[in-house]
Amino acid sequence: MSDLSELHNLLSDEALTYYASGQEQERLSRGTGLLELARTQELLSRYLPPPPAVIFDVGGGSGIYSYWLAQQGYEVHLIDAVPLHIEQARAFFSSSTGYPLASLAVGDARQLNRADDSVDAVLLLGPLYHLTERTQRLAALREAYRILKTGGLVFAVGISRFASTLDGLLQGYLDDPEFVAIVQRNLTDGQHRNPNNHPGYFTTAFFHHPEELKAEVEEAGLHYERTLAIEGPGWLLQNFSEHWNELGRRERLLEAVRWLESEPSTLGMSAHIMTVARKNAV
């Protein structure tokens, strides 16, 4: 775990500033974030071992998934590079009853304070798109490999290479030449930058092609199992709230996303993609 004086090495200054606004805590409770939350929980539930397995939620923000897992009886350790997120998580868990976290700390996905072969699952639901260099992402994946028990699982999430293009079409951002330049770089090399800190254009990040995420997991020594769309095309619905707020339509939306979740030709339409990988015996 990194010392606080080294925080500037954990995330770019732009990303730290972006998350210091506190908006991440509410993101999954509104709009298409509700779909992302529901689908991420669904996929984790499908593959995680039963409680009380040990889970490291690395880059877990203010602890939304950590709390949900702790409620189920898992031993959950939360790490995030943003001090505000850990403060928010600490405040939330201190005010809740009955579902404590095993630990929470500011830390670095590339250097985890945990013994070898001691964890059942590692969640990397955010770090891989904020580690913009491939060597950094491989370091995080290898660190997950190190702390996993044999048979343990990694859930590695990336933002789709094509997310900005699709979001630009949906939101009308492609009318802005500045956003067009952002998209063109995304499509060329996956590097996302927002030089003028436009509030709707996200922050410094790396956007994965689905095959790229698979290749990185394998290079880190993990056994690739599958890549799944989290939101699928559901986040592109113009009338998303109407679908989500009516139970029957919500179920049909989720079912349609499941139909397409592993279809290679549509994976890139999802805003987020999840690769599931396992640590096999050497």
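The rules behind these values
- Residues numbered from 1 in each chain as written.
- Predicted model: local features only at pLDDT ≥ 70, side-chain atom pairs only at ≥ 80, totals over all residues.
- Heavy atoms only, no water.
- Helix = DSSP H or I, 4+ residues; strand = E, 2+ residues; numbered from the N terminus.
- Rg over C-alpha atoms; globule rule 2.2 N^0.38 Å.
- Buried < 20%, exposed > 50% of the residue type's maximum accessible area, 1.4 Å probe, protein only.
- Contact = heavy atoms within 4.5 Å.
- Areas by Shrake-Rupley, 256 points an atom, 1.4 Å probe, with all protein chains shown as cover.
- Lys, Arg positive; Asp, Glu negative; His and termini not counted.
- Charge placed at Lys NZ, Arg CZ, Asp CG, Glu CD.
- Axes fitted to C-alpha atoms, helices over the stretch in contact; angles between N-to-C directions.
- Parallel < 35°, antiparallel > 145°, perpendicular 65-115°, else oblique.
- Left-handed = near helix turned anticlockwise from the far one by under 90°.
- Phe/Tyr/Trp six-rings, centres within 6.5 Å; stacked < 30°, edge-to-face > 60°.
- pLDDT = per-residue confidence, 0-100.
- Arc of directions from axis to C-beta.
- Expected span 1.5 Å × (residues − 1).
- Polar contact = N/O pair within 3.5 Å; in protein donor to acceptor, adjacent residues only side chain to side chain.

Looking at the overall build of the protein
Scanning the protein from N- to C-terminus turns up 12 helices and 9 strands. Over its C-alpha trace the protein gives a radius of gyration of 18 Å, about what one expects of a compact globule, namely 19 Å for 282 residues. Across its three principal directions, the C-alpha atoms of the protein cover 50 × 45 × 45 Å. Across the 282 residues of the protein, 52% fall into the buried class. Pairs at least 24 residues apart make up 73% of the contacts formed inside the protein by residues separated by at least 6 positions. Summing over all exposed atoms, the protein offers an accessible surface of approximately 12,400 Å²; the carbon and sulfur share of this is 52%. Each charge sign in the protein was given a centre, from 23 positive and 36 negative side chains, and these centres are 5 Å apart.

What to know about the packing of helix 3 (residues 33-47) against helix 4 (residues 64-71)
Between helix 3 and helix 4, the least distance of the axes is 12 Å, while the angle of their chain directions is 45°. Compared by their axis directions, helix 3 and helix 4 come out oblique. Seen from above, helix 3 lies across helix 4 with right-handed handedness. Contacts between helix 3 and helix 4 involve Glu 36, Leu 37, Thr 40, Gln 41, Leu 44 and Ser 45 from the former and Ile 64, Tyr 65 and Trp 68 from the latter.

Focus: the packing of aromatic side chains
Following the criterion strictly, the structure yields 11 aromatic pairs and no others. Centroid distance Tyr 67 to Tyr 99: 5.9 Å. Interplanar angle 90°. Geometry classified as edge-to-face. Here the residue Tyr 67 occupies a position in helix 4, and Tyr 99 occupies one in the loop between helix 5 (83-95) and strand 3 (103-106), the gap between them amounting to 32 residues. Tyr 99 gets classed as partly exposed once you look at its relative accessible area, which sits at 32%. Ring geometry for Phe 240 and Trp 244: centres 5.7 Å apart, planes at 15°, overall stacked. You can see Phe 240 and its partner Trp 244 sitting in helix 11 (residues 240-245), 4 residues apart, about one turn around the helix. For Trp 244, a relative accessible area of 7% translates into the label buried. Taken together, the ring pairs in this structure connect Tyr 18, Tyr 19, Tyr 129 and Phe 202 into an aromatic cluster.

Observations regarding the confidence of the model for the protein
For any part of a model where pLDDT is low, the fine detail of the predicted coordinates should not be relied upon. Put simply, the protein has an average pLDDT of 94, and 96% of its residues get 70 or more. pLDDT under 50 marks residues 1-8. Its contacts with residues more than four places away, or in other chains, come to 18 contacts.

Topic: helix 1 (residues 13-20)
Here helix 1 has its buried residues at Ala 15, Leu 16 and Tyr 19. Projection of helix 1 onto a plane perpendicular to its axis shows the buried side chains occupying an angular sector of 100°, all on one side. Exposed positions of helix 1 whose direction lies more than 90 degrees from the buried face are Asp 13 and Thr 17. As for helix 1, its buried residues are in contact with helix 2 (24-27), helix 5 and helix 6 (127-130).

Remarks on helix 5
Its 13 residues place the ends of helix 5 19 Å apart at the C-alpha level, agreeing with the 18 Å of an ideal helix rising 1.5 Å per residue. Residues of helix 5 that are buried include every one of His 85, Ile 86, Gln 88, Ala 89 and Phe 93, and no others. The arc that holds the buried residues of helix 5, viewed along the axis, is 160°, so those residues lie on one side. The exposed residues of helix 5 that point more than 90 degrees off its buried face are Ser 94 and Ser 95.

Comments concerning the side chain of Arg 39
Tracing the sequence through the fold places Arg 39 in helix 3. Only 2.8 Å separates the side chain of Arg 39 from the backbone oxygen of Ala 229, close enough to count as a polar contact. Apart from the residues lying within four places of it in its own chain, the contact partners of Arg 39 are Arg 46, Ala 229, Ile 230, Leu 254, Val 257, Arg 258 and Glu 261.

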